[in-house]
Every structure is written in C-alpha cells, then in structure tokens.
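Survey of secondary and tertiary structure
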Amino acid sequence: MSDEEHHFESKADAGASKTFPQQAGAIRKNGYIVIKGRACKVVEVSTSKTGKHGHAKCHFVGIDIFNGKKLEDIVPSSHNCDVPDVNRTEYQLIDISEDGFVSLLTENGNTKDDLRLPTDEPLLTQIKDGFAEGKDLVVTVMSAMGEEQICALKDIGPK
C-alpha cells in the first residue's frame, strides 16, 4: 500500500437523507409527500380502480408546508413516492433584527441566526407584538428537505 493519505472533497451532509421512499398506496391523508420537488402535507387522497392495463392510481392533493400552494400528483399505487423527513424544533426567541431575521436560542445554548420571520401575516404580527411587549416567546420551526420556516408560536410568560 502507498503511504499517501487520501483527501476527499466532501460537500455532502452527514448522510441523513432528506426523503425516504414509501409505497404510494400506503400514503394517507395528513401524511407528507414530495410533489414537484416540494414537501407537501396530504389533504386529499383518492384511488382509482385497476384499469384494462393494470395499475390502480393514487391521486394526491397536497399543500406545500412552506408556501401554502396547492399541488397535485397522480402515481400508480404500487410505485414508491418520496416522503420528506419533516422535523419540528422549538427555539426561544432572543431578538428580531431590522432586516427580518430572528435570533433564536437552541437547546444547547447556542444561537441560530439564519431564519427569517414568517411570511404568514397573523403569525408575523403575533411574534412582533409579543416581542415588543417583552414576553418570553418560543417559536416552532418546521424543517424538511433543507428548508426551514417558523410555523407556530408559544408564549411561556413574561421575561
């Protein structure tokens, strides 16, 4: 063997996949599915009978979990679909900057400064008003397929 050390240029993450396969017939309402490259929550599933040439089809209607757009897809029920790995994490709100970014406190005491305020108007108003009043706020961040967004807010009392 040679004495040279091999150096690999790694641009990948830790190997945790952003999606996992699941048979289309097994995906139910309120589950998650990837439609047109977007993580969606399934709001409607209908299955057609097998036709003359074989496959039963599943018709999925999903709402994008980040921008609220409605997407549809039709897949043979025996085929695999990508299902996003959706995580929810709670962080304490520390600060809101003028440029629309929030500063959050993670569980291990570090700060997370790469998230924007949500575009959802009622939630945005609740966060800004609560922060202005000096309340202790905990935000819920939903993450899937490399995207993150604040999706909920909890008031844990005055500071």
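Residues numbered from 1 in each chain as written. Predicted model: local features only at pLDDT ≥ 70, side-chain atom pairs only at ≥ 80, totals over all residues. Heavy atoms only, no water.

Under the annotation held in an unreviewed UniProt entry, the protein chain carries the name Eukaryotic translation initiation factor 5A and is attributed to Elaeis guineensis var. tenera. Turning to the protein chain, the UniProt annotation filed under Sequence similarities (unreviewed entry) states: "Belongs to the eIF-5A family." (UniProt positions renumbered as here; feature names shortened; annotations may be inferred.)

This paragraph deals with helix H1 (residues 121–132). Helix length check: H1 (12 residues) gives 16 Å between terminal C-alpha atoms against 16 Å at 1.5 Å per residue, within 8%. Taken together, the buried positions of H1 are occupied by Leu123, Leu124, Ile127 and Gly130. Each buried residue of H1 lies within a common arc of 140° when the element is viewed along its axis, so the set occupies one face. Among the exposed residues of H1, those pointing more than 90 degrees away from its buried face are Glu121, Pro122 and Ala132. With its phi angle positive at about 80°, Gly134 sits one or two positions after the end of H1. (Helix = DSSP H or I, 4+ residues; strand = E, 2+ residues; numbered from the N terminus. Expected span 1.5 Å × (residues − 1). Buried < 20%, exposed > 50% of the residue type's maximum accessible area, 1.4 Å probe, protein only. Arc of directions from axis to C-beta.)

What follows concerns a negative patch on the surface. Taken together, the side chains of Asp95, Glu98, Asp99 and Asp113 make up a negatively charged region of the molecular surface. Among the secondary structure elements, Asp95 is positioned in strand E7 (residues 87–96). Classification of Asp95 as partly exposed rests on a relative accessible area of 37%. (Patch = residues over 30% accessible without salt bridge, like charges linked within 9 Å, V, L, I, M, F, W, Y side chains within 5 Å. Areas by Shrake-Rupley, 256 points an atom, 1.4 Å probe, with all protein chains shown as cover. Salt bridge = Lys/Arg side-chain N within 4 Å of Asp/Glu carboxyl O. Lys, Arg positive; Asp, Glu negative; His and termini not counted. Charge placed at Lys NZ, Arg CZ, Asp CG, Glu CD.)

Attention now goes to the sheet that holds strand E4 (residues 57–64). One open sheet holds the 4 strands; their spatial order is E2-E3-E4-E5, and the pairing between them is antiparallel. Both edges of this open sheet fall to strand E2 (32–35) and strand E5 (70–76), since each of them pairs with a single strand only. Averaged over all neighbouring strand pairs, the angle between strand axes comes to 45°, with direction disregarded. Pairing of strand E3 (residues 38–47) with E4, which is carried by 7 bridges, proceeds in the antiparallel orientation. (Pairing = 2+ DSSP bridges. Axes fitted to C-alpha atoms, helices over the stretch in contact; angles between N-to-C directions.)

Here we come to the environment of Gly62. Turning to its location among the elements, Gly62 is positioned in strand E4. On a C-alpha basis, the gap between Gly62 and Gly31 in space is 9.4 Å, while along the polypeptide they are 31 residues apart. In this structure Gly62 touches Ile35, Cys40, Lys41, Val42, Val43, Lys69, Lys70 and Leu71, once residues within four positions along its chain are discounted. (Contact = heavy atoms within 4.5 Å.)

Attention now goes to the nonpolar core. Membership of the largest hydrophobic core comes to 14 residues, with the highest contact counts inside it found for Leu93, Val102, Leu104, Ile127, Val139, Val141 and Ile150. If you list the elements that add at least two residues to this core, you get E7, strand E8 (101–105), H1 and strand E10 (135–144). Aside from chain neighbours lying at most four places away, what touches Ile127 is Leu93, Ile96, Leu117, Pro118, Leu137, Val139, Ile150 and Leu153. Judged by nonpolar contacts, the second largest core, of 12 residues, contains Ile33, Val42, Cys81 and Val83. (Core = buried A, V, L, I, M, F, W, Y, C linked by side-chain atoms within 4.5 Å.)

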